[in-house]
Amino acid sequence: MVGKNGYDCLLELKDSRKLDKMPIVMYFTAHEEFVADVLYDMGATVYINKPSSFDDMKIVLQKALCFVTYNLHNQPSRENFLISVYND
């Protein structure tokens, strides 16, 4: 994304009347608590920390898709916001 970062895109999606109810899965390389806190407060649906292997990536993407499919627009509690290989 030239000239934009994930925060900018999230803001644009949330500001759009057509897209503001769409589930938003944020995918970042590094997991830092302050990043997760900011994304949560900005209204992202879930946060994925980029896994180190392709197999793990398939697992976290499946978890994220299942979450947004069954929970639609509901943001989880902050404790369950991060989707990783290691949580259920």
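Rules of the game
Residues numbered from 1 in each chain as written. Predicted model: local features only at pLDDT ≥ 70, side-chain atom pairs only at ≥ 80, totals over all residues. Heavy atoms only, no water. Helix = DSSP H or I, 4+ residues; strand = E, 2+ residues; numbered from the N terminus. Buried < 20%, exposed > 50% of the residue type's maximum accessible area, 1.4 Å probe, protein only. Pairing = 2+ DSSP bridges. Salt bridge = Lys/Arg side-chain N within 4 Å of Asp/Glu carboxyl O. Expected span 1.5 Å × (residues − 1). Arc of directions from axis to C-beta. Contact = heavy atoms within 4.5 Å.

Draft legend 1. The environment of C66, seen in detail. Following the sequence through the fold, C66 ends up in helix α3 (residues 54–71). Overall, C66 belongs to the partly exposed group, its relative accessible area being 33%.

Draft legend 2. Quick look at the pairing of strand β2 (residues 46–49). Bridge analysis of strand β1 (residues 25–28) against β2 gives four bridges, and the strand direction is parallel. Looking across to β2, one finds that Y27 is bridged to I48. Examined bridge by bridge, β2 and strand β3 (residues 82–83) share two bridges and lie parallel to one another. Residue I48 lies in a different strand from β3, and its bridge partner there is I83.

Draft legend 3. Up close: the pattern of salt bridges. The final tally for this structure, using the stated rule, is four salt bridges. The shortest N-O distance in the salt bridge between R78 and E33 comes to 2.9 Å. Of this pair, R78 sits in the loop between α3 and β3 while E33 sits in helix α2 (residues 33–42); the two residues are 45 residues apart in sequence, bridging distant segments of the chain. Looking at E33, the relative accessible area reads 48%, which means it is partly exposed. The salt bridge involving D37 is made with R78; its shortest N-O contact spans 2.8 Å.

Draft legend 4. Expanded view of α3. Spanning 18 residues, α3 covers 25 Å between terminal C-alpha atoms, matching the ideal 26 Å at 1.5 Å per step. Every buried residue of α3 is listed here: D56, V60, A64, F67 and V68. One side of α3 carries all its buried residues, which in axial view fall inside an arc of 100°. For α3, exposure combined with an orientation more than 90 degrees from the buried face picks out F54, Q62, L65 and Y70. Tucked into the core, α3 has its buried residues touching β1, β2 and β3.

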